[in-house]
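So you can see what is in the structure, the chains are spelled out below.
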Amino acid sequence: MSSMCYDVEVTRNYFSVVFVDLRSYLKTFSDCVDNEGKAIPIIDKLSVAEIKKRLETIPKKRFVLYEDDDSDLFNLLYWLIQKADYFGYNNRKYDRLMLSALLMYYNQFDKPSKLITFLYETSQRVIRNSNNDTLWTDNFTSLILRNNVAFRDLDLFQIFRLDHYHKSLKQTSINIKWYNLKEYTMPPIGDLDRHYYHERLPEAKGMTDRELNIHYRNVFERFIPKEYLQEMADYNDNDVYIVAELIRMNQEEVLLRYRISEEYKVDVFSASRSTIADKVIVKLYSKFTGLHPKAFIDTKTIRRKIVVSEILSDKISFSTPELNDILSDIRSLTLRGEKGEFDREFTFMGTSYTIATGGLHSNEIPAVYTENDDNIIVDRDVASYYPNMIRSLKVCQKHLIPKAWFRIADTIVDERLEHKHLAKDKSLDVMGRDKHATAAACLKIVANAGIFGKMGSEKSFLCDKKAMYQVTINGQLFLLMLIEKLELAGIHVISANTDGIVTIVPRKLEKTADDICHWWEKHLGLELEFTYYIKYVTEGVNSYLTVKRDGSSKFKGRMNPKMFLEDLSKGYNSPIVAKCITEYFINGTPVMETLRNAKSILDFCRTQNVNHKYRLEFTHVVDGKIRTDVVQRNTRFYISSTGGTLMKVESMGWNDNGEEQVKKSSLCAGQRVSICNTVDDTDISELNVNYLYYYNEAMAIIEPIEQSRNNKGKGKRLVKKYYGMRNTLFD
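Conventions used here
- Throughout this document, residue positions are counted from 1 along each chain, in the order its sequence is written.
- A pLDDT threshold of at least 70 governs which residues receive local features in this predicted model, and a stricter bar of 80 or more applies before side-chain atom pairs are shown or counted, although totals over entire chains, interfaces and linings include all residues.
- Excluding hydrogens and water, the side-chain values take into account all heavy atoms of the structure.
- Residue burial is assigned from relative accessible area. The probe radius is 1.4 Å, only protein chains are included, and a residue is buried under 20% of its type maximum, exposed over 50%, and partly exposed in between.
- A helix here means a DSSP run of H or I that spans at least four residues, while a strand means a run of E at least two residues long, and both kinds are numbered starting from the N terminus.
- We treat two strands as partners when DSSP finds at least two bridges between them.
- Orientation is described by lines fitted to C-alpha atoms, with helices fitted over the stretch in contact, and by angles between N-to-C directions that extend from 0 to 180 degrees.
- Residue contacts are counted whenever heavy atoms from the two residues lie within 4.5 Å of one another.
- Any carboxyl oxygen of Asp or Glu that lies within 4 Å of a side-chain nitrogen of Lys or Arg is treated as forming a salt bridge with it.

Caption draft 1: Layout of the pairing of strand S13 (residues 492-496). Counting buried positions along S13 yields four of five residues, so the element is predominantly enclosed. Relative to strand S14 (residues 500-506), S13 runs antiparallel, the two sharing four bridges. Bridge pairing in S14 places Val-493 opposite Thr-503. Connecting the antiparallel pair S13 and S14 is a turn made up of three residues, with Thr-498 showing a positive phi of about 60°.

Caption draft 2: Inspection of the sheet that holds strand S1 (residues 2-11) at higher detail. With mixed pairing, the five strands of this open sheet are ordered in space as S3-S2-S1-S4-S5. Each edge of the open sheet carries a strand with a single partner, namely strand S3 (60-66) and strand S5 (152-155). Strand-to-strand twist across the sheet, computed as the mean angle between neighbouring axes with direction ignored, equals 25°. Alignment of S1 against strand S2 (residues 14-21), held across eight bridges, turns out to be antiparallel. Across the sheet, residue Thr-11 finds its bridge partner in S2, namely Tyr-14. Sheet strands touched by helix H4 (residues 95-105): S1, S2 and S5. Its angle to S1, the strand with the most contacts, is close to 80°.

Caption draft 3: Here's a closer look at the pattern of salt bridges. Under the criterion given, the structure shown has 35 salt bridges. Lys-60 is the partner of Asp-237 in a salt bridge, and the nearest nitrogen-oxygen pair spans 2.7 Å. Highlighted residues: Asp-237 in helix H11 (residues 229-249) and Lys-60 in strand S3, separated in sequence by 177 residues. For Asp-237, a relative accessible area of 7% gives the class buried. A residue is classified by how much of its surface remains accessible, and Lys-60, at 41% relative accessible area, is partly exposed. Salt-bridge contacts for Asp-239 lead to Lys-170; the nearest nitrogen and oxygen are separated by 2.4 Å. With a gap of 69 residues between them, Asp-239 in helix H11 and Lys-170 in helix H8 (residues 169-175) connect regions that are remote in the sequence. A single salt-bridge network, built from bridges that share partners, covers Asp-31, Glu-50 and Arg-54.

What follows is the structure in structure tokens.
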């Protein structure tokens, strides 16, 4: 069965769909990997000229209906009745519906132009209903949604859960450093296309060009003259290539859905990890109870208040007065779902902590910790934290069958470990190892995204907040017990976050620390996993870097140079800054040296999501004159020593003189920027990058860490006072 990436475009007199062969695309760019064989952005491997050259070799198929030309129609209809996998972006709520409408109604019109008009009206209706979340309640869109088609649709918008963030394809393409971000534009309505509106739209008859351009500002609500068709085709192709590149950068994530769908007999081809967890848990609960999902899917336990003393484990005990006071305070609480009602902040043995209904975390001061002759750095994480807490405390929702629920927890913990082991067993054939790897990966998703998180969701059959709090509140108090034991033994805890802690262990107390941990494991029926670091650099609990003894590194938050590649929901913002920080702390490379050695302008770029009610205006100097251009809303830019200002503009209406009243705000106040929506092979040295800006951005993170100061309040003033005191004269 073939695998295709596709995209549909519709205007008032134009309908097109483009298909690109996915396997061919993957093969064409198979060399775009790092030293470990992991996919990297093609722009980091190839020149733009080479990228374009290779794209031209990839097989693609374009079908176009334009005005009264339907010469591609029957070829398209034949194409659509073949079995295939179609990959798109938001295609399950748009492109698939357009193809479904075409298949259902193509034979009801005597002229191609009437069919195109019908498809345009369908497009507008689908968009309108999708925005209002009424696709299923509208009879027409519900009908084309339910229509069975021969092809299988896989939607990257849903797979990566970007529908939750309303993130467009163009915004997502910025994360993967795609070289071409251009939106489709047409010149203002004028002599070339004025007649379309006057002759075909009664409401537009007699309108001036100015009125037409105000009324039909959206290019996809316009008529396309034949002179602009090539630009539309190029735009269409580019969108399909972005879809293919998203898959290439995340092949394992996509393949996993095929394997889980086959192994567990559930349809998760377009499912996010959260949805996969939901479906697999339903499957397992149905299997272990013998009940049909309809018998339990709508059950839940809703509680209006939770008495904390009823859910605390009798295994919790503290030795110090301050932690016993906190325990007494917590024991007296009754939770009613009010924000912050459980939250407590306190300091114990020099480390600040916050406890909340979601878990324990430290409020650490930025710092650098290094293994030396006197101390080692040990990270201690609770293995399979939530499932093991459920097993240890025998936590079960009131409405569920305990025996089945605990079998699910056992499956997640024990069977996952067994599958993980067998996936590496070389006595098995490749297919056998892959099968076990799939099961292990699936159960990991269920453990991380399903078994616990859904306890607090009133949309899930797992909902019972008393059970959820029984896990989280006891879990963080258990962790505090471990922290107390270690601190009293002279082992300092520098970080804590939900299911683990990082400790500085004097070498002479290494056995003592291990003994305390083993006692804690035996007492609570949990298991700790140890990781040893030679360096731990922290800006905060969610922003740090670590270097293990084997030399491998781990990055999180603002210190992760690949954050935008790994989490497509993040807004793209100058990954060169994180690169500077990691090079500085790991290899001792001066920040300016890292900046000057960077080759890709895209590492310096940033962007910002701009709502539909705004437009972007770029004011710059051209031929000695100030000019303001309206630029596309999804705009990529970098801070430059030349360039102009980029403003977000909101229209506030029109005054009596016909002048537009606007409200403006800068996207990068006080800085000049250059637009970078398309990239060519111009050397970065010619692009006037403002290196000082990026140097200061990196140093704003490095300085508080080097000084071990909180970059807030008085600490912020001290950071500024001692800024740069370690720099050499010419840095």
